[in-house]
Amino acid sequence: MTQPRSDATLGAALLDIARHAPTPSEALRAAGIIDAVPELAALATTPQDPVWHPEGHVLVHSLWAADLAATDADHRGLDVDRRALLVLAAMLHDVGKPDTTQTRDGRIISPGHAERGAELIRSLGERLELPGPLVRAVAAIAETHMAHVSVRGEPSRRAVRRLRDRLEAAGTSLDDWGVVVRCDGEARGAAARPTHPFRGGAWRATSTVAEAQT
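## Overview of the overall build of the protein chain
Helix and strand content of the protein chain: 12 helices and two strands. Secondary structure elements in the protein chain, listed N-terminal to C-terminal, are α-α-α-α-α-α-α-β-β-α-α-α-α-α. The buried share of the protein chain, taken over its 214 residues, is 48%. Accessible surface, the protein chain: about 10,300 Å² in total, of which carbon and sulfur atoms supply 53%.

## A short note on empty space enclosed by the protein
This structure, assessed with the given rule, holds one cavity of 30 Å³ or more. Taken as a whole, the largest cavity encloses approximately 60 Å³ of empty space. Lining the largest cavity are Leu88, Leu92, Ile121, Leu124, Gly125, Leu130, Leu134, Val135 and Val138. Looking at the lining of the largest cavity, the elements that each hand over two or more residues are α6 (80–92), α8 (113–127) and α9 (132–144). Considered class by class, the residues forming the lining of the largest cavity number eight nonpolar, one polar and no charged.

## What about the pattern of salt bridges?
Across all of its chains, the model carries 16 salt bridges by this definition. Between Asp165 and Arg164 there is a salt bridge, and its shortest N-O distance comes to 3.4 Å. Given a relative accessible area of 42%, Asp165 falls into the partly exposed group. Using a relative accessible area of 13% as the deciding quantity, one classes Arg164 as buried. The structure contains a network of salt bridges with shared partners spanning Asp72, Arg76, Arg182 and Glu186.

## Quick look at the packing of helix α1 (residues 7–20) against α6
The geometry of α1 relative to α6 is characterised by a closest axis approach of 7 Å and an angle of 110° between their N-to-C directions. Taken together, the axes of α1 and α6 are roughly perpendicular relative to one another. Note on element contacts: α6 touches α1 through Val80, Asp81, Arg83, Ala84, Val87, Leu88 and Met91, opposite Leu14, Leu15, Ile17, Ala18, Arg19 and His20. Grouping the constituent residues of the contact of α1 with α6 by class yields nine nonpolar, one polar and three charged.

## A short note on the packing of α8 against α9
Describing two packed helices takes the angle between their axes plus the distance from one axis to the other. In contact at an axis separation of 8 Å, α8 and α9 are set at 165° when each is read in the N-to-C sense. One element, α8, and the other, α9, form an angle in the roughly antiparallel class. In this structure, the crossing between α8 and α9 has a hand that is right-handed. Contacts between α8 and α9 involve Ala114, Glu115, Ala118, Ile121, Arg122 and Gly125 from the first element and Val135, Val138, Ala139, Ala142 and Glu143 from the second. The residue inventory of the contact of α8 with α9, partitioned by class, reads seven nonpolar, one polar and three charged.

So, how was this worked out
Residues numbered from 1 in each chain as written. Predicted model: local features only at pLDDT ≥ 70, side-chain atom pairs only at ≥ 80, totals over all residues. Heavy atoms only, no water. Helix = DSSP H or I, 4+ residues; strand = E, 2+ residues; numbered from the N terminus. Buried < 20%, exposed > 50% of the residue type's maximum accessible area, 1.4 Å probe, protein only. Areas by Shrake-Rupley, 256 points an atom, 1.4 Å probe, with all protein chains shown as cover. 1 Å grid on protein atoms, 1.4 Å probe; cavity = no way out; pocket = protein on both sides within 12 Å on 5 of 7 lines; lining within 4 Å. Points joined across faces, edges and corners; volume = space filled by probe spheres on them. Nonpolar A, V, L, I, M, F, W, Y, C, P; charged D, E, K, R; others polar. Salt bridge = Lys/Arg side-chain N within 4 Å of Asp/Glu carboxyl O. Axes fitted to C-alpha atoms, helices over the stretch in contact; angles between N-to-C directions. Parallel < 35°, antiparallel > 145°, perpendicular 65-115°, else oblique. Contact = heavy atoms within 4.5 Å. Left-handed = near helix turned anticlockwise from the far one by under 90°.

And the structure:
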């Protein structure tokens, strides 16, 4: 009988995959990490509104986003630590959905999932003994990954500066946030993209203007 792996062993394996695996989704499944980590296993039983997420349940979406983040990092030749940040943030950005998903008026919604996700990432990171700075950065991206859909039209410079400062205080950046937001959008499938366009780039552009004028 296979002995259960310690949380620290699982954390080390997860971090290694985030740093190096060409296709994190395949590596996570092969290593048995998804079933061994309750927060990840729960994603497979959490449905999503098919209008916004025709790809399926939360695990399908999250693993797809992680693979996209890995591809982006490898394409740009990022170092392994930044690659791990992007892959883990993409993989865990919706980890709060199992606790918040409900059906209302025939639609599946997950109010507060970003904030709940950040809480779970912090506790999960501590349990798996992941590096503290990495956990703080991943949690900050997850907590704010819906910021771009909360504002109609172009974001104000004040809103962008507030988000930028919040991310930088956690050890990450608006650029990293933008990558994860884009991967989130692309991991919905082509059928969803026309109704949920990526708007994170507008926040980065506004930030550039704000920086130039300060």
